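Close look at the chain arrangement
Here is how the chains run, residue by residue.
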Amino acid sequence: MTKRKLLTEATGYADLPPEEVRRALVARFDDGYLKVDQAEGRVGVQGGWWYRGEYQLAPQGSGTRVTLRAYNVATRGRWAVPLANKLFAGFAQQTQARLDELLRALEHAA
């Protein structure tokens, strides 16, 4: 496994079963540029030189709790990633907002 460091975490809810959320995430990210891997309860997305996002899926009521963890997986210039993201004010809040937007889009597409 590549060395990685957690940068931020966001949690949201989709009113869809976990299997539907997993399929929708894979379909959304499987564009040939991003590397997508999936396991029961998780979808990982890796792209660019530093980013890996892992979506952990857990049943909650009639839907799915989705936790997104963004990791720094850079092998070179690893020190620059946290510096760049700290200088980019609001990284954690933007990650949460993007997750919320993504989950709304998945629900509307279903």
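Up top is the structure.
Residues numbered from 1 in each chain as written. Predicted model: local features only at pLDDT ≥ 70, side-chain atom pairs only at ≥ 80, totals over all residues. Heavy atoms only, no water.

Brief notes about the layout of surface pockets
Just so we agree on the cut-off: Residues are called lining when one of their atoms sits within 4 Å of a cavity or pocket point, these points coming from a 1 Å grid over the protein atoms alone, where a cavity is a set in which a 1.4 Å probe fits but cannot get out and a pocket is an open set with protein on both sides within 12 Å along at least five of seven lines. Grid points are joined across faces, edges and corners, and a volume is the space filled by probe spheres set on the points. Under the DSSP-based scheme used, a helix requires at least four consecutive residues in state H or I and a strand at least two consecutive residues in state E, with every element numbered from the N terminus. Each residue gets one of three labels, nonpolar for Ala, Val, Leu, Ile, Met, Phe, Trp, Tyr, Cys and Pro, charged for Asp, Glu, Lys and Arg, and polar for the others, Gly among them.
The volume enclosed by the largest pocket comes to roughly 270 Å³. Taken together, Phe29, Trp50, Tyr51, Tyr55, Leu68, Ala70, Phe91, Thr95, Arg98, Leu99, Glu101 and Leu102 make up the lining of the largest pocket. For the lining of the largest pocket, the secondary structure elements donating two or more residues are strand 4 (51-60), strand 5 (63-72) and helix 3 (91-109). Considering every element that reaches the lining of the largest pocket, the biggest residue donor is helix 3, with six residues. Its residues placed into classes, the lining of the largest pocket shows nine nonpolar, one polar and two charged.

Quick word on the pairing of strand 5
The line we're drawing: Residue burial is assigned from relative accessible area. The probe radius is 1.4 Å, only protein chains are included, and a residue is buried under 20% of its type maximum, exposed over 50%, and partly exposed in between. The pairing criterion for strands is at least two bridges between them, as found by DSSP.
Counted residue by residue, strand 5 has eight buried out of ten residues, so it is predominantly covered. Pairing analysis gives nine bridges linking strand 1 (residues 5-14) to strand 5, with the strands arranged antiparallel. By the bridge assignment for strand 5, Tyr13 is matched with Arg65. Bridge count for strand 4 against strand 5 is ten bridges, and the pairing is antiparallel. If you follow Arg52 over to strand 5, its bridge partner there is Tyr71.

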